[in-house]
Amino acid sequence: MSRSRGTAVAIALLGAALAAAGCGLGPGEGVGEVSLTVTRDYGAERLIFTEGEPVSESDTVMRVLEGEAEISTRYGGGFVQSIDGLEAGQADGRSWDWLFYVNGIESTVGAADYPLHGGEAIWWDYRDWSAALRVPAVVGSWPQPLLGGYAGEEHPVAVECRGGGAACGTVRARLEGAGVSVSPAGTGDAIRVLVGPWAQLRGDRAAAQLEDGPKASGVFAELIPLGGRFRLVGLDEAGEVAHTFGAGAGLVAATRRFEAPPVWVVSGTTRAGVRAAAELLDAADLRDRYAVAGQNGRVTPLPIPIEP
């Protein structure tokens, strides 16, 4: 065998080995497009937004971010330390880090190990995690994950009407208007949307986590018993009470219990509050928000920012 032929064979064998290992020598086949959002402080300030980004079968969440921002990493390159100079770390007794969501669901793997299949909404947020390290699901990638399903499985979203009255029809209409397939009852892998006064929803195991605070549910709101009824309270980034809402306030939030599909809560302390919550199901009110409360036409992002 000539030296030149031997070199060619060696290169071919190396390429095959890399492909088998999943490394590849090229970008791979195109699989679709994704969007990328980068924010800080629970979505309060948007830093980067791109959509229609083409991705290939070899792309990951980390690779998409690298294409749009200057980053530094840690732990062998699997986790982000900084984006465009904004560093994770400690400041004023608070812990700050970069955390990411794909289709509104918190990732359980590092960004370098998260493959993409096209259609994903990627969201990085730089936030203080002192009050809640884990926020398992958020509403800010609307209409995901309701549109694409959980873990890539496209099951109809189960809208469970529990005393929500006319608000249940509003919720179904908003979902269907966003292209979401809706069912009155879902399978075990379906995302559920619970619609009704809190007194009717709190018996659900996933929704009930809201009563145990942000560390349990990831939602910076509480529904506190008061004189036989409930009062909606908004919490700040430290998990402290920042605002007490009136009887007509509504809440839209998402949570998750263990590894089950996320559960969305469209609720309030009264039916008027549930109607107010249902009206918040659109991109203008939900995008880049972890959760929201609404009353008298005013939308309050949750958590409520701490005043400097």
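It should be emphasised that the depicted structure is a prediction, and the values quoted were computed from it without experimental measurement.

A. Just the sheet that holds strand E18 (residues 291–295), in detail. The 7 strands are arranged E11-E10-E12-E17-E16-E18-E19 in an open sheet whose pairing can be described as mixed. Two strands in the sheet have a free side with no partner beyond their single neighbour: strand E11 (182–183) and strand E19 (298–302). Pairing geometry for strand E16 (residues 250–255) and strand E17 (residues 263–268), over 6 bridges, is antiparallel. Opposite Ala253, over in E17, you have Val265 as the bridge partner. Those strands touched by helix H3 (residues 166–177) are strand E10 (157–161), E11, strand E12 (192–197) and E17, and its axis lies near 165° from that of E10. Of the strands in this sheet, E12, E16, E17 and E18 touch helix H6 (residues 271–278), which is tilted by about 130° from E17.

B. Spatial organisation of the state of the cysteines. According to the stated counting rule, one finds 1 disulfide in the structure shown. In this model, Cys161 is linked to Cys168 through a disulfide, with the two sulfur atoms separated by 1.9 Å. Looking down the S-S bond of the Cys161 and Cys168 bridge, the torsion is 80°, so its handedness is right-handed. The partly exposed category is assigned to Cys161, whose relative accessible area is 38%.

C. A look at the packing of aromatic side chains. This structure, assessed with the given rule, holds 11 aromatic pairs. Plain terms: the ring middles of Tyr42 and Phe220 are 5.3 Å apart, the flat faces sit at 70° to each other, and that makes the pair edge-to-face. One end of the pair, Tyr42, is in the loop between strand E1 (30–40) and strand E2 (45–56); the other, Phe220, is in the loop between helix H5 (214–217) and strand E13 (221–226), and 178 residues separate them in sequence. Given the relative accessible area of 5%, Tyr42 is considered buried. By relative accessible area, which is 1% here, Phe220 ends up buried. Between Trp142 and Trp264, the ring centres sit 6.2 Å apart and the planes meet at 45°, which makes this aromatic pair tilted. With Trp142 in the loop between strand E9 (121–128) and E10 and Trp264 in strand E17, the pair connects residues that are 122 residues apart, well separated along the chain. Neither residue differs from the other here; Trp142 and Trp264 are each classed as buried. Taken together through their ring pairs, the aromatic side chains of Tyr42, Tyr101, Trp123, Phe220 and Tyr290 make up a single cluster.

D. Region of the structure containing H3. In this model, H3 (12 residues) spans 17 Å end to end at C-alpha, consistent with the 16 Å of a helix rising 1.5 Å per residue. Taken residue by residue, H3 has Ala167, Cys168, Val171 and Leu175 as its buried positions. Down the axis of H3, the smallest arc covering the buried residues is 105°, so these residues share one side. Residues of H3 that are exposed and point over 90 degrees away from its buried face: Ala166 and Gly177. Buried residues along H3 sit against E10, E11, E12, E17 and H6. Where H3 ends, the next residue or the one after it, Gly179, has phi of about 90°, a positive value.

E. Representation of the pairing of E2. Of the pairings in the sheet, the one linking E1 to E2 comprises 9 bridges and is antiparallel in character. Bridge pairing links Arg40 to Glu45 in E2. Adjacent in sequence and paired antiparallel, E1 and E2 are bridged by 4 residues, among which Asp41 carries a positive phi angle near 60°.

F. Region of the structure containing the pairing of E12. For E12, a buried count of 5 out of 6 residues is recorded, marking the element as mostly surrounded by other parts of the structure. As judged from the 4 bridges shared by E10 and E12, these two strands associate in the parallel manner. Residue pairing in the sheet places Val159 in a bridge with Val193 of E12. With 6 bridges joining them, E12 and E17 adopt parallel strand pairing. If you follow Arg192 over to E17, its bridge partner there is Val263.

G. The pattern of salt bridges, seen in detail. Per the stated rule, a full pass over the model turns up 15 salt bridges. The salt bridge partner of Glu160 is Arg162, with a shortest N-O separation of 2.6 Å. Look at Glu160 and you get buried, because its relative accessible area is 18%. Since its relative accessible area comes to 25%, Arg162 is described here as partly exposed. Between Arg174 and Asp282 there is a salt bridge, and its shortest N-O distance comes to 3.5 Å. Of the two residues, Arg174 is situated in helix H3 and Asp282 in the loop between H6 and helix H7 (283–286); the sequence distance between them amounts to 108 residues. On the basis of relative accessible area, Arg174 is assigned to the partly exposed category, the value being 24%. With a relative accessible area of 22%, Asp282 lands in the partly exposed category. Salt bridges sharing partners connect three or more residues here, namely Glu160, Arg162, Arg192 and Asp204.

Definitions and cut-offs
- Residues numbered from 1 in each chain as written.
- Predicted model: local features only at pLDDT ≥ 70, side-chain atom pairs only at ≥ 80, totals over all residues.
- Heavy atoms only, no water.
- Pairing = 2+ DSSP bridges.
- Helix = DSSP H or I, 4+ residues; strand = E, 2+ residues; numbered from the N terminus.
- Contact = heavy atoms within 4.5 Å.
- Axes fitted to C-alpha atoms, helices over the stretch in contact; angles between N-to-C directions.
- Disulfide = S-S within 2.5 Å.
- Buried < 20%, exposed > 50% of the residue type's maximum accessible area, 1.4 Å probe, protein only.
- Phe/Tyr/Trp six-rings, centres within 6.5 Å; stacked < 30°, edge-to-face > 60°.
- Expected span 1.5 Å × (residues − 1).
- Arc of directions from axis to C-beta.
- Salt bridge = Lys/Arg side-chain N within 4 Å of Asp/Glu carboxyl O.

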